[in-house]
There are 4 protein chains.
Amino acid sequence: MDDQVFRVGIIGVGRMGADHAERLSRRIANARLVLVSDPDSARAEAVAGRYHGVRTASDALALIADDEVDGVVIASPGSVHEGQLLACIEHGKPTLCEKPLTMDSESALRVMRAEHAKGRSVVQVGFMRRFDPEYERMKELLGSGRFGRTLMLHNTHRNKDMPPSFRSEMIVRDSLVHEIDVARFLFGEEIEEITVLSPRPSSFAPEGVVDPQVSFFRMTGGGVVTNEVFVRNQVGYEVRCEAVGETGSVIAGRPATGLYTTSSGVAGAWGGTIPQDFRARFERAYDLELQAWVDASRAGSVVGPGAWDGYAATAVAEAGIESLASGQPVRVALVSPETLS
Amino acid sequence: MDDQVFRVGIIGVGRMGADHAERLSRRIANARLVLVSDPDSARAEAVAGRYHGVRTASDALALIADDEVDGVVIASPGSVHEGQLLACIEHGKPTLCEKPLTMDSESALRVMRAEHAKGRSVVQVGFMRRFDPEYERMKELLGSGRFGRTLMLHNTHRNKDMPPSFRSEMIVRDSLVHEIDVARFLFGEEIEEITVLSPRPSSFAPEGVVDPQVSFFRMTGGGVVTNEVFVRNQVGYEVRCEAVGETGSVIAGRPATGLYTTSSGVAGAWGGTIPQDFRARFERAYDLELQAWVDASRAGSVVGPGAWDGYAATAVAEAGIESLASGQPVRVALVSPETLS
Amino acid sequence: MDDQVFRVGIIGVGRMGADHAERLSRRIANARLVLVSDPDSARAEAVAGRYHGVRTASDALALIADDEVDGVVIASPGSVHEGQLLACIEHGKPTLCEKPLTMDSESALRVMRAEHAKGRSVVQVGFMRRFDPEYERMKELLGSGRFGRTLMLHNTHRNKDMPPSFRSEMIVRDSLVHEIDVARFLFGEEIEEITVLSPRPSSFAPEGVVDPQVSFFRMTGGGVVTNEVFVRNQVGYEVRCEAVGETGSVIAGRPATGLYTTSSGVAGAWGGTIPQDFRARFERAYDLELQAWVDASRAGSVVGPGAWDGYAATAVAEAGIESLASGQPVRVALVSPETLS
Amino acid sequence: MDDQVFRVGIIGVGRMGADHAERLSRRIANARLVLVSDPDSARAEAVAGRYHGVRTASDALALIADDEVDGVVIASPGSVHEGQLLACIEHGKPTLCEKPLTMDSESALRVMRAEHAKGRSVVQVGFMRRFDPEYERMKELLGSGRFGRTLMLHNTHRNKDMPPSFRSEMIVRDSLVHEIDVARFLFGEEIEEITVLSPRPSSFAPEGVVDPQVSFFRMTGGGVVTNEVFVRNQVGYEVRCEAVGETGSVIAGRPATGLYTTSSGVAGAWGGTIPQDFRARFERAYDLELQAWVDASRAGSVVGPGAWDGYAATAVAEAGIESLASGQPVRVALVSPETLS
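Residues numbered from 1 in each chain as written. Chains lettered and ligands numbered in written order. Predicted model: local features only at pLDDT ≥ 70, side-chain atom pairs only at ≥ 80, totals over all residues. Heavy atoms only, no water.

**Notes on the domain arrangement of chain A**
In many analyses, interface size is given as the accessible surface area lost on bringing the parts together.
Residue and element names in this part refer to chain A.
Link 1 in the chain: Annotation of chain A at the domain level lists domain 1 (6-128 + 285-306) and domain 2 (130-278 + 317-326).
Link 2 in the chain: Here domain 1 and domain 2 have C-alpha centroids that lie 27 Å from each other.
Link 3 in the chain: Every contact between the two is made by 17 residues of domain 1 and, on the other side, eleven residues of domain 2.
Link 4 in the chain: Between domain 1 and domain 2 lies a buried interface of about 1300 Å² when both sides are counted; carbon and sulfur atoms form 64% of it.
Link 5 in the chain: Broken down residue by residue, the surface that domain 1 buries against domain 2 is led by Lys99, Phe127 and Met128, which jointly contribute 40%.
Link 6 in the chain: Counting the contacts that link domain 1 with domain 2 gives zero salt bridges.
Link 7 in the chain: There are six residue pairs in polar contact (both at pLDDT 80 or more) connecting domain 1 and domain 2.
Link 8 in the chain: Those elements that provide at least two residues to the side of domain 1 that touches domain 2 are α1 (15-26) and α8 (278-298).
Link 9 in the chain: If one sorts the elements of the side of domain 1 that touches domain 2 by residue count, α8 sits on top with five residues.
Link 10 in the chain: A class-by-class count of the residues in the side of domain 1 that touches domain 2 yields ten nonpolar, three polar and four charged. (Domains from an automatic or database assignment. Contact = heavy atoms within 4.5 Å. Buried area = accessible area lost by both parts, 1.4 Å probe. Salt bridge = Lys/Arg side-chain N within 4 Å of Asp/Glu carboxyl O. Polar contact = N/O pair within 3.5 Å; in protein donor to acceptor, adjacent residues only side chain to side chain. Helix = DSSP H or I, 4+ residues; strand = E, 2+ residues; numbered from the N terminus. Nonpolar A, V, L, I, M, F, W, Y, C, P; charged D, E, K, R; others polar.)

Structure (structure tokens):
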């Protein structure tokens with residue numbers, strides 16, 4: 001065996017996990033998918049069967065413990081992340097864990113404490129936007145001082161549609177959580193207060209669901225972030241972010257990218273196509289995220305968002321869900337990093 | 001005398017008034033500037049002297065009463081508007097009054113009541129954005145039903161710089177007031193609640209001034225509006241507005257308009273120029289506003305925003321200033337239109 | 001009578017003439033339409049009847065000679081321009097003549113010689129693009145030296161559709177003529193050679209008509225201009241121009257101007273609307289052109305493109321029609337300006 | 001050894017070859033760089049030393065013959081391509097050959113004949129634009145019939161600067177050759193005539209060098225292509241392509257992509273950054289090209305442009321160089337594909 005190649009096991013091969021399997025097998029250098037597991041064993045067999053030399057494990061813990069697995073991708077439901085993460089930490093195996101880290105801040109804290117106790121970071125959380133070339137360049141520009149101190153961020157996050165089961169709280173926990181991470185990433189600060197407003201819902205929102213939602217964050221340094229999250233916009237996936245500094249602003253995700261067409265088909269319109277889901281928009285970010293994880297893992301390090309980022313995002317989302325219910329601003333209480341040791 | 005030409009007097013020939021004088025004399029059909037007044041009589045003489053056959057009046061009330069004046073443009077400071085408006089109403093002369101209508105909602109109410117008592121509308125308020133082709137088209141598109149019900153509006157309003165005397169309250173009363181009118185115009189509803197947040201100020205803001213400001217409106221129909229007002233952005237004048245409906249969105253004031261250039265002067269940059277003040281951005285809107293006022297006045301009618309719009313905007317701005325101080329949402333209490341009669 | 005107001009007569013009130021009548025009556029300062037003429041006297045009556053105090057003249061020459069007419073707009077067919085222009089020159093009346101100046105360079109020369117003999121310029125040719133704010137700013141930028149010497153120009157000129165009677169030669173004479181003028185305007189040089197290529201026609205072109213056409217010019221200073229003219233593109237009116245200098249480039253007429261929308265109606269598309277005809281695109285240029293003509297005429301001068309520009313454009317178009325037939329480059333032979341005196 | 005991994009040797013590790021080495025080692029799945037060769041053996045050692053387990057070969061032919069090499073990337077100067085390609089064909093090894101295929105159409109013909117004689121295609125030519133997502137999507141759209149038949153193509157190809165040794169002929173052979181391939185790719189037809197015009201050169205062009213160049217192609221189906229190639233524009237790398245069909249148009253490489261910024265640093269400008277070289281613009285296309293080559297090679301097939309495309313492009317470039325000298329249109333004479341067998 002070539003000792004250069006990083007051997008990966010994937011836990012959970014639903015949509016995200018299967019995407020990661022494909023990515024690892026077709027587009028990532030120096031890595032090889034060797035093992036998959038899924039409670040649905042037929043699904044595990046099906047995904048394994050697509051690639052040369054991939055086995056299935058009886059369960060997640062067996063996968064984590066497997067000697068041929070150098071690193072683990074967790075793409076299982078958030079509700080089982082905690083145990084899987086603790087096992088990965090125990091085995092000291094580099095882990096890329098899809099968001100959310102865990103379901104609540106208490107369990108996220110336990111994961112962080114376990115990592116601290118072990119004395120070695122192994123967890124990267126799947127906030128892929130940090131690997132999107134535009135967000136990355138934005139971070140760099142804001143850090144360059146060219147725009148002065150960052151004062152505000154304006155985020156737009158829209159999906160074409162969601163199943164009826166995607167309720168108001170999930171809009172906070174699974175959608176807004178990306179803006180939570182982006183705000184922390186671009187400001188380099190924590191969020192200290194969150195307010196979630198409930199506009200009158202779109203008539204495409206299921207009964208009782210607040211969609212769209214408008215929210216704002218206060219950062220610890222005094223900056224303000226505004227967010228629109230609208231997961232049933234009937235149009236497509238649109239993610240934009242404008243950062244406003246003291247002497248200029250930067251916009252990522254400008255709508256007018258890609259091909260520009262005119263066509264008699266639409267009564268003299270110019271324009272282009274909006275991606276229909278997040279995978280089209282962030283395909284490259286996912287590739288870069290996974291390659292970065294492989295590269296760092298082979299070098300014995302961790303890059304990108306770690307367990308603390310997963311914990312902090314979870315804590316802000318919890319406060320956001322509270323605010324969604326009350327309509328009032330809610331303060332975010334994070335543990336002091338010192339208490340971890 | 002040609003009875004077709006509409007003869008106009010201008011009260012106050014500072015920057016705005018002098019602009020209107022130039023516009024009337026050089027670009028507006030079927031109107032003629034005949035009289036100007038200004039407490040600074042040298043300034044009045046100077047402006048009158050630029051054009052053929054323009055006289056000066058001893059004061060605003062003499063101008064309003066002058067037999068050769070068919071209509072009045074009020075471009076004096078807001079603190080003296082009330083008396084001038086009451087005189088225009090008394091004389092039944094069509095009046096284009098620069099915003100603000102008056103300094104507070106009480107005086108605005110008195111103006112409305114006078115107009116009602118007289119039984120004839122004569123006042124148009126100078127919210128010029130309603131005449132900007134993009135805002136006008138946006139209103140039309142939203143009204144077409146093509147985007148479903150309007151759910152949200154996101155406004156950006158930035159100036160390059162302001163004198164130190166332009167304090168936090170003025171950012172609400174003189175800048176945000178345009179977004180207040182735009183929200184009322186595009187939704188076709190009143191604002192029922194306003195919250196003004198105070199991010200940590202830019203270091204270019206004078207001591208004690210909250211700049212930028214982020215604010216939110218709740219519309220009576222449940223829609224939500226977000227606003228950024230930043231009057232010392234060091235860059236230029238940028239006004240954008242995105243309306244989000246149930247099935248699509250519309251953006252006015254997109255940054256990428258006009259010429260597109262590349263130049264070695266800026267290290268391989270592409271782009272264009274940002275207008276340095278509101279006059280460059282809204283020059284055409286001002287022309288169209290004034291022409292529309294002349295045309296309507298000659299036809300014996302009033303178009304565009306009237307006294308009620310001036311009153312409502314003033315009342316929302318008052319609530320906004322209260323919110324700026326308290327940091328809390330403040331409800332807007334408008335009189336019932338029925339109480340006017 | 002107010003001696004400040006410039007009294008205008010319009011010859012020919014078809015589409016262009018009627019547009020000018022409307023413009024003069026509704027949007028132009030210091031001018032008044034007083035007289036119209038048209039071989040179709042019912043049409044003349046109809047247009048005159050729309051405005052207060054407008055009379056009809058028995059014919060073009062009577063209109064030109066009328067004492068109440070201070071200036072003349074010629075919007076008749078090109079085939080009768082020569083006689084009308086000679087009469088205007090004879091009467092010394094400022095004249096705005098729609099393009100083409102005349103039907104061939106010989107007759108254009110006669111007009112120029114008459115103007116010279118009279119010793120006073122009175123003719124402005126209706127190349128409205130010179131008054132479009134983007135072209136005007138482009139001229140200014142290129143003249144600033146910021147981009148070095150101008151090396152190339154790339155023009156795109158598209159119409160949605162044309163009647164079958166609009167033949168190959170007319171695409172040169174009536175459409176490409178605008179690019180001819182733009183090239184001369186932006187370079188500040190004459191065109192010395194023109195080549196018109198005939199791509200295989202669109203299936204929407206009538207039998208025997210070459211549409212689209214690709215052409216190029218060599219300027220006297222060595223610059224090269226490429227042009228696409230496509231008058232049945234089925235989409236809308238698109239006019240773009242890119243000037244390339246030694247150290248940068250400038251684009252006018254970028255497609256992505258105005259409102260930006262998304263809508264589920266078009267399967268997740270973003271974009272905007274393309275003007276459906278030249279009037280929507282150049283409405284403002286026409287207004288500015290007419291106002292500039294009125295202002296200059298009142299001041300006793302002529303601005304914008306004059307008889308020489310009309311002559312030179314006609315001569316280049318003649319060479320272009322020759323090239324269209326032969327497929328070969330054709331040199332443009334202009335008289336020496338000295339021979340005029 | 002893992003038999004799944006495709007083992008690659010690279011001939012020539014100058015800028016392009018070293019880029020490919022980096023790409024293969026860091027971003028491409030299922031491939032491994034095993035061998036490099038370069039006449040400059042120190043350079044070969046340096047590149048080999050950067051990666052684990054990469055050897056150097058004594059020369060190109062040894063590399064091609066090496067048992068551990070499954071496929072070959074040729075990144076040597078064009079003048080030595082012929083012999084190397086013939087050896088690759090002889091050994092039946094999949095080969096990705098940087099353009100130009102060879103230096104003239106005669107030698108390109110010999111390569112094609114050798115491949116035919118062997119009865120198996122192994123050569124892919126490095127026209128990476130075909131793998132750029134925008135060009136690929138454009139091809140797909142034009143093929144969909146949505147825009148009717150393709151009528152015209154307008155290409156812009158600009159570099160910031162080139163060494164003085166980059167002469168007029170090289171602008172045709174090394175720069176314009178990309179537009180030659182793009183025209184053939186998007187039309188799916190051959191070029192039957194080429195005209196290269198020589199505008200007056202930029203003052204940044206070395207003495208005797210024609211830069212910029214404007215050229216035209218006639219396609220066998222009657223379509224027309226215009227090209228601007230300007231390799232010392234002082235600004236950056238700009239590649240754009242507009243395809244015009246009967247009922248609409250498509251633009252790739254629109255300038256306004258990526259981040260949008262405003263900054264007081266540039267006097268109120270909005271805009272973005274222009275890539276400074278082709279690698280930044282086409283980085284992704286190169287990655288996708290190499291991955292596609294690896295994937296196809298592992299599957300025993302060839303994708304993308306082959307030897308015929310390399311031959312045809314060379315033949316058109318030859319005609320272009322002749323036209324550059326004469327200023328006349330030159331017809332392109334391709335052998336009949338049937339003569340190959």
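From this point, the discussion proceeds with the structure in view.
**Describing the pairing of strand β1 (residues 6-11) of chain B**
All names here are of chain B.
Link 1 in the chain: Within β1, six of the six residues are buried, which leaves the element mostly enclosed by the surrounding structure.
Link 2 in the chain: Burial along β1 is two-sided: Phe6, Val8 and Ile10 and Arg7, Gly9 and Ile11, pointing in opposite directions, are all buried.
Link 3 in the chain: Bridge analysis of β1 against strand β2 (residues 31-37) gives six bridges, and the strand direction is parallel. Considered in β2, the bridge of Phe6 is made with Ala31.
Link 4 in the chain: Assessed by its sense of winding, the connection that carries the chain from β1 through helix α1 (residues 15-26) to β2 is right-handed.
Link 5 in the chain: In the sheet, β1 pairs with strand β4 (residues 71-74) via four bridges, with the strands oriented parallel. Considered in β4, the bridge of Gly9 is made with Val72. (Buried < 20%, exposed > 50% of the residue type's maximum accessible area, 1.4 Å probe, protein only. Pairing = 2+ DSSP bridges. Right-handed = clockwise from strand over helix to strand, strands pointing away.)

**A closer look at helix α2 (residues 41-49) of chain D**
Residue and element names in this part refer to chain D.
Link 1 in the chain: Within the sequence span of α2, burial applies to Ala44, Val47 and Ala48. Projected down its long axis, α2 shows its buried positions confined to an angular sector of 100°, all on one face. Exposed and facing more than 90 degrees away from the buried side of α2 are Ala42 and Gly49.
Link 2 in the chain: Looking at the buried positions of α2, the neighbouring elements they touch are α1 (15-26), β2 (31-37) and β3 (55-56).
Link 3 in the chain: The N-terminus of α2 is capped by Asp40, whose side-chain oxygen sits 3.2 Å from the backbone nitrogen of Ala42. (Arc of directions from axis to C-beta.)

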